[in-house]
Amino acid sequence: TGGADNGSTFTVVERDLTGATELQAFIDQIKANQANYVVGTGVGYLTEASYAKVVEAISKAETARNGVMNEDLGALLKNEINEAIAKLEINMPSEGVFYTIQNAYSNVYMGVGNGAGMVTSTGAALGQVFQFVSCGDGKFNLYNVERGTYLNTALAHGHGQNSAAVTSKEDAKAVTIAWLGKQNQVSIT
């Protein structure tokens, strides 16, 4: 075992692959979903900073997976990835910018009709242009540019008239925006 023979001597250590195998399966699952994680500057796109933390957590887990691994460490690394995913942020609408709001399923645009009720349209005319006015705490009022009024009711389809008829921000109903985990689609509630 000395001299040139020293390179032929090995230390063999038993490894518990339970944690590594489970961690790899989890990483593979996360990577399969990464196609939906689209970074950009538009509304509904993930912020670069929040997505970078997910990539960093995955990279850390992959590096650790190749070292000494056990179930506890695997669980800890999975938890770090999950926490980074839970903290993903989307770009919110900017003050003073004009937006159209298009339904992802039917492709129609939300707008305001002649009676100041909410309508949908296949085209995006001035009646379909809104501004998101911040109310704080991640909430917004929807201001229709053509009417000069705010959305003040939003009822379920077929259950009454939606209205964008109030001129005072204080009388308007606030909406929130949430990422749906799909490419650049948001839910406005």
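Cut-offs and rules
Residues numbered from 1 in each chain as written. Predicted model: local features only at pLDDT ≥ 70, side-chain atom pairs only at ≥ 80, totals over all residues. Heavy atoms only, no water. pLDDT = per-residue confidence, 0-100. Helix = DSSP H or I, 4+ residues; strand = E, 2+ residues; numbered from the N terminus. Core = buried A, V, L, I, M, F, W, Y, C linked by side-chain atoms within 4.5 Å. Buried < 20%, exposed > 50% of the residue type's maximum accessible area, 1.4 Å probe, protein only. Contact = heavy atoms within 4.5 Å. Axes fitted to C-alpha atoms, helices over the stretch in contact; angles between N-to-C directions. Parallel < 35°, antiparallel > 145°, perpendicular 65-115°, else oblique. Nonpolar A, V, L, I, M, F, W, Y, C, P; charged D, E, K, R; others polar. Salt bridge = Lys/Arg side-chain N within 4 Å of Asp/Glu carboxyl O.

Novice: Honestly, the confidence of the model for the chain in this entry has me stumped. Any pointers?
Specialist: Regions with low pLDDT carry predicted coordinates that are not meant to be interpreted in detail. When pLDDT is averaged along the chain, the result is 82, and 84% of the positions lie at 70 or above. Per-element confidence in the chain is highest for helix α2 (residues 48-65), whose mean pLDDT is 93, and lowest for strand β2 (residues 118-121), whose mean pLDDT is 74.

Novice: Even after reading the chapter, I still don't get the nonpolar core, so can you show me in this structure?
Specialist: Across soluble globular proteins, nonpolar side chains show a tendency to be buried alongside one another. Counting 31 residues, the largest nonpolar core has I81, I85, L88, F132 and L142 as its most contacted members. At six residues, α2 tops the list of elements feeding residues into this core. When neighbours within four sequence positions are excluded, F132 is seen to be in contact with P93, S94, E95, Y99, I101, F140, N141, L142, I177 and I188.

Novice: Please explain the side chain of T149 as it appears in this structure.
Specialist: Structurally, T149 is set in strand β5 (residues 149-150). When its relative accessible area of 7% is taken as the criterion, T149 is described as buried.

Novice: Got a minute to help me understand the packing of α2 against helix α3 (residues 71-86) in this structure?
Specialist: When two helices pack together, their arrangement is given by the angle between the helix axes and the distance between those axes. The contact between α2 and α3 brings their axes to 8 Å, and the two run at 170°. In terms of orientation, α2 and α3 fall into the roughly antiparallel class. Together, K53, V54, A57, I58, K60, A61 and A64 of α2 and L77, E80, I81, A84 and I85 of α3 make up the contact between the two elements. Here the contact of α2 with α3 is composed, by residue class, of nine nonpolar, no polar and three charged.

Novice: Honestly, the pattern of salt bridges in this entry has me stumped. Any pointers?
Specialist: Oppositely charged side chains can form a pair if their charged atoms are brought close together. One pass over the structure, following the stated rule, counts two salt bridges. Between E62 and K31 there is a salt bridge, and its shortest N-O distance comes to 2.6 Å. Note that E62 is positioned in helix α2 and K31 in helix α1 (residues 18-33), a separation of 31 residues in sequence. The class of K31 is partly exposed, set by a relative accessible area of 38%. Its salt-bridge partner being K60, residue E80 comes within 3.0 Å of it at the nearest N-O pair. Within this pair, whereas E80 is found in helix α3, its partner K60 is found in helix α2, the two being separated by 20 residues in sequence. Here K60 falls in the partly exposed class, since its relative accessible area comes to 44%.

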